[in-house]
Amino acid sequence: MKRALLSIGIGAGLLLGFEPFAFWLAGIMAAACMILLAESLQEEKTGTVLFWAAVVCLSITLFAFQWIAYALAAIARLSWPAAASLTVLYGLIVNLKIPFFLLAARGLSHVQLPRVFVYPVLALAGDLVFYQIFPWYWGNAAGSLVLMQSARIAGVYG
């Protein structure tokens, strides 16, 4: 139940962190939920980690990109089952950074590195490595002017 709630927190947090809401605290909540989920999966088997990665991918798609199914049905004139199936497939493929993040965090769990550095580096690596049709980056979820202006001090990757 805890992991399901964390997955919902990730999807809902990203939705509220993106424009037009740009509620920066929700973006931070999504990142915190992702870190807590990664921590809860440290000792799990690969299949379990991949299952929860798929749940998170679907949560993100259902909360933040639900309009894709509607657009496929209305504009492309697909049936609702076909539009929903393609949207689920999209959600799994385009969010490959999620299983990457969770598996890499689990793989690095036995390495003695400060977690405060590991998670941001993994998130950034996922953003840089995986192609995104509708690009959303972890930084987009923190759409606050205050956080954006922090880049003047920390730089873009900060």
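Scroll up a little and you will see the structure.
Cut-offs and rules
Residues numbered from 1 in each chain as written. Predicted model: local features only at pLDDT ≥ 70, side-chain atom pairs only at ≥ 80, totals over all residues. Heavy atoms only, no water. Phe/Tyr/Trp six-rings, centres within 6.5 Å; stacked < 30°, edge-to-face > 60°. Helix = DSSP H or I, 4+ residues; strand = E, 2+ residues; numbered from the N terminus. Buried < 20%, exposed > 50% of the residue type's maximum accessible area, 1.4 Å probe, protein only. Expected span 1.5 Å × (residues − 1). Contact = heavy atoms within 4.5 Å.

Trainee: I'm lost on the packing of aromatic side chains in this one. Help?
Mentor: The way to describe two aromatic rings as a pair is by their centre distance and the angle between their planes. Here the structure, examined in full by the defined rule, presents 5 aromatic pairs. Considering the side-chain rings of F65 and Y90, the 6.4 Å spacing of their centres and the 75° angle between planes classify their relative orientation as edge-to-face. Here F65, found in the loop between α3 (46-64) and α4 (67-74), pairs with Y90, found in helix α5 (residues 80-94); they are 25 residues apart in sequence, far enough to count as distant. In this structure F65 comes out as buried when scored by relative accessible area, which is 9%. Taking the relative accessible area as the measure of exposure, Y90 reaches 12% and is therefore buried. When the centroid spacing of 5.7 Å and the interplanar angle of 35° are considered together, the rings of F101 and Y119 count as tilted. Placement of F101 in helix α6 (residues 97-107) and of Y119 in helix α7 (residues 115-129) is noted, with a sequence separation of 18 residues between them. Looking at F101, the relative accessible area reads 4%, which means it is buried. Classification of Y119 as buried rests on a relative accessible area of 5%.

Trainee: I tried to follow unusual backbone geometry on my own but got confused; where do I start?
Mentor: Peptide bonds are trans in most cases, and residues, glycine excluded, mostly fall at negative phi. Phi at R77 takes a positive value of approximately 60°, unusual for a residue other than glycine. Mapping R77 onto the fold places it in the loop between α4 and α5.

Trainee: For this particular structure, what's the right way to read α3?
Mentor: One turn of an α-helix holds 3.6 residues; hence residues three or four places apart share an orientation. Compared with an ideal rise of 1.5 Å per residue, which puts 19 residues at 27 Å, α3 spans 27 Å between its outermost C-alpha atoms and is within 8% of the ideal. Those residues of α3 lying buried are V49, W52, A53, V56, C57, S59, I60, T61 and A64. Taken together, the buried residues of α3 touch α1 (2-17), α2 (24-40), α4, α5 and α6.

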